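Reading the structure
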Amino acid sequence: MPELSTDPKAPCSAGPGVVIKGGTIVDAAGQRACDIVISRGRIEHVQPGCEVPCGAKVLDASGCIVAPGLVDLHSHLREPGGELAETVESGSRAAALGGYSAVVAMPNTDPPIDNASAAHHVLDLGAHALVEVMVAGAITVDRAGERLAPMAEMASMGISLFTDDGTGVQDGGLMRRAMEYARGLGVTLAQHCEDRSLASGGHMHEGRWSSILGIPGIPAEAEELMVARDLMLARLTGARLHLLHLSTAGSVELVRKAKSAGIKVTAEVTPHHLCLSDEEVASYDPLFKVSPPLRPVEHIIALQAGLEDGTVDAVATDHAPHATQAKEAPFDQAPSGMLGLETALAVVLTELWDGRVGSSPQICGEKTTDIGATRQTTGTARSSHSPGMAGSRSIGPAGGRHRLVDLGACLPSGIRLNLMQILTLLSWQPASIARLGSAHPSVLRPGAVASICVFDPFTRWVVDPDRLASKSKNTPFAGVELQGQVRHTLVGGEPVVIEGEAQR
Amino acid sequence: MRVSLVAQDCGSDPPKSEPVRAGDSQSSSKVSSKGSPRVPRSLLEVGDLGREGIEEVLDLADSFAEVSRRPIPKVPALRGRTVATLFYEDSTRTRLSFEAAAKRLSADTMSFSLGTSSVNKGESLLDTARTLESLGADVLVVRHPSAGAPSRVASWVGVPVINAGDGWHEHPTQALLDCYTLTKALGRRSVGKDRFGGLSVAVVGDVLHSRVARSVVKAFAMLGAAVSLVAPPTMLPSSLEGWPLAGFSYDLDPVLAGADVLYMLRVQAERGAGSFVPSVREYVSRYGLNMDRFRKMKPDAVILHPGPVNRGVELAPEVADQPSALIASQVANGIVVRMAVLYLLLGSAGNQRDLEQDSSKVMDETGA
Ligand SMILES: [Zn+2]
């Protein structure tokens, strides 16, 4: 890929810009130790030891991975209607701090995004946000699952994903028509797969723990039934289908078979379904209530295997803020959902990363930077927590008790992903599903839009809900030590996060 | 036991060192350690007490039963203490039983229930619980339609919480009073050192939706009984992993001859309306305890029911009126068992020691 290396004679003088210095680039083209010079929103040079243009801002990336910005396919930004829990602004700040440069806002707002003017409203709010905010439109009017929303008028604004997320389209006949119509528009339908007749009344995974705890359960089959139905409908209609937050082994297996049969389907899983099991619900703490529900370990292993073999295309947060008082309720009365944007990358690194930097071929630069697989750094801008917390695996200042799934060490599967796989799942593959196109390049090369995430994969930090940028605190990882911390985030050339601090 | 039991001033105990337990099902057995039983801070699940804790409650209940037979059935053990009942579900029987227990211990009572006070005015469970604590409650007795609600409350307040029934989860004091009732009915008929060793208990009915089932199965099993479930598959949890069971059966008839205890669960009318069983009539034909089935039981077997009985459904009227149906004594025993629980959670350590000595004295005297 010769176009990747910049002409070294090119002048580093395009006016004041930004230089990312000393990092190791990992992108779809591979891995290399290079600096990046950015000017007017785009990458100008990618080369080792680049001279700093006069007036340019230098972002230190030594010891860090420099990657295309992360893209979240599944964020609930809550605006309009849920501003007490989150706004487009606060959610976008959380996203930026989590290394994201673009997010897809889900349409289950109040009112819902089921028409062009509602979509315009959110996009207008997003224009001032820290990251690029796209919206998904609803499939049906009012997300009621009864008649089709005006998808064409929304598609004409550039919306390419449609979903009734929060619920699935229950009526198979209507879903078929929606798929046919979507195919005509060239857009993708995204489904929250859950058969209501099996799931309704349930609040957690149906199994050993629901039986002991006396909480009404939701069987894995409630999800798998709709996954199976929609895969068949995708085959029938030829439409493009994206499956949101898959949570069961059966779902992964269905998608694996569908992909090998040539059905146009993509799938995502959330960070929490990759590491938390239904046993967490034994605390009765609604922080662990989420839809779809947390599942037993055998499902977690199957999801991880789906990431490893490419059955699952993306890790998406399902960032779902809820005001504190909403979660201060009995389990069955509390709303479902967990924060995700500020912890997703670290959760995936902690749980699944093989810990290595440098297995990929070099593309430019003299040598692959060895950033020390055994090093452990502490204390960056956002991690100055009490040392007593570090290393403790117990969660929950609220309940006191509590053993968290031991992230990174809990599963017998031993599945580990390399950095390229992890970033594929968090960055350019979701960008492609969201059809971000050239707005979000998968390779950091001259001319590309400079949306970039710089993170130290080794830094350990303890999640403190009070220090999150989200307006809500409903993270299931409170008090948990995670590995991997975002240092800088750039969106269209603008450094929106520098040294772990949001710039606005 | 008489006076020494109660002459103590229980009003100034240092706080217990046990951490607040927010529904920790992991540590169910942690509260009882070798040596003297340790008192859990709250009673959220019957397992919180451990086997020794259950034994202690049952022994204490014996002492209080003696008190209850006096002309003035009242002791000053919890004088100056306040027992608050917080009922989000209509259960006058259970609430009255707790309040009677509190009054016999000379505690003050506060009662908040659905339809009264602020419970209806949109105040959250958190705020109501903290209000009761601020008003001076020394223990909160919580009944709630949501599983785990008492555990949540226990994580929010600094006083002990007693679960008086939460959703489908547990009803620990019901299980304790059932153990007490069974002890009284059986005498010391058990085999081996366990209180219920060698006993075969069949729990019959809608186990899936039953908080009573989840408590009694654990309690009976902890005391050594072999517990089995009898229900149609629609009324059993899809997983029974983790339940301390000897077995289960979809039919009642084969179980009758071998059971020492039949525990008949209450049938909620709405469950019999077509979604879990086709009809109450069909349920009764397969799981109702009628005289024909009663005659197939062991002559010395006993029947328990958490009440109130749907006569003609779980039990035919003539069966409900048999001497071996212990329903009335279950209700009566509820008060002394709840006295024991309140005393155990609120009494000082010193007091417990006195009471233990006293209760053993009583046991000797009554010639157990
Ligand atoms: Zn969803």
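All values derive from a computational prediction rather than experimental measurement. Every chain begins its residue count from 1, and numbering advances along the sequence as written. Whichever chain is written first becomes A and whichever ligand is written first becomes 1, with later ones labelled in order. Confidence filtering applies because this is a predicted model: local features only for residues at pLDDT of at least 70, side-chain atom pairs given and counted only at 80 or more, and all residues used for totals across whole chains, interfaces and linings. To get the side-chain values, all heavy atoms of the structure are used, and hydrogens and water are removed first.

Looking at the overall build of chain B
Only runs of H or I of at least four residues qualify as helices and only runs of E of at least two qualify as strands under DSSP, and these elements are numbered from the N terminus. What chain B contains, in helices and strands, is 13 helices and 9 strands. For every residue, the accessible area obtained with a 1.4 Å probe (protein chains only) is divided by the maximum for its type, and the residue is called buried under 20%, exposed over 50%, and partly exposed between those limits. Buried residues in chain B amount to 59% of all 368 residues. Whether two residues are in contact is decided by their heavy atoms, any of which lying within 4.5 Å being enough. Counting contacts in chain B only where the partners sit at least 6 residues apart, residues at least 24 apart contribute 70% of the total. In these tables, accessible area is a Shrake-Rupley quantity obtained with a 1.4 Å probe, and a residue counts as shielded only by the protein chains included in the view. Accessible surface computed for chain B: about 14000 Å², of which carbon and sulfur atoms make up 52%.

A look at the coordination of the zinc ion
Residues and elements named next belong to chain A. Donor atoms from the polypeptide that coordinate the zinc ion comprise D165 (OD), H192 (ND1) and H245 (NE2), at 1.9 to 2.3 Å from the metal. Water is not among the atoms examined, so metal sites may look incomplete; donors are the N, O and S atoms within 2.8 Å of the metal, or within 3.2 Å for Na, K and Ca. Sequence spacing among the residues donating to the zinc ion works out to D-x26-H-x52-H. Taken together, the residues D165 in the loop between strand 11 (161-163) and helix 4 (172-185) and H245 in the loop between strand 15 (240-243) and helix 8 (249-260) connect sequence positions 80 residues apart. On the accessibility criterion, D165 (2% relative accessible area) is buried.

Side note on the confidence of the model for chain A
On average, residues of chain A score 89 in pLDDT, and 86% of them reach the 70 mark or higher. Per residue, pLDDT captures the predictor's confidence, and it can take any value from 0 to 100. Taken together, the stretch residues 1-14 of chain A has pLDDT below 50 and engages in 26 contacts with residues farther than four places along the chain or on a different chain.

Overview of the packing of helix 4 (residues 125-134) of chain B against helix 5 (residues 149-156) of chain B
All names here are of chain B. Under this scheme, a helix contributes an axis fitted over its contacting stretch, all axes are lines through C-alpha atoms, and angles between N-to-C directions fall in the 0 to 180 degree range. Two numbers describe how helix 4 lies on helix 5: the axes approach to 10 Å, and their chain directions differ by 55°. When the interaxial angle is binned, helix 4 and helix 5 end up oblique. When you trace helix 4 past helix 5, the crossing you get is right-handed. On helix 5, the residues that touch L125, L126, A129 and R130 of helix 4 are A149, V153 and W156. The classification used treats Ala, Val, Leu, Ile, Met, Phe, Trp, Tyr, Cys and Pro as nonpolar, Asp, Glu, Lys and Arg as charged, and all other residues, Gly among them, as polar. For the contact of helix 4 with helix 5, the class distribution of residues is 6 nonpolar, no polar and 1 charged. Between 65 and 115 degrees an angle is taken as roughly perpendicular, under 35 as roughly parallel, over 145 as roughly antiparallel, and anywhere else as oblique. Less than a right angle of anticlockwise turn of the near helix away from the far helix marks a crossing as left-handed, whereas a clockwise turn marks it as right-handed.

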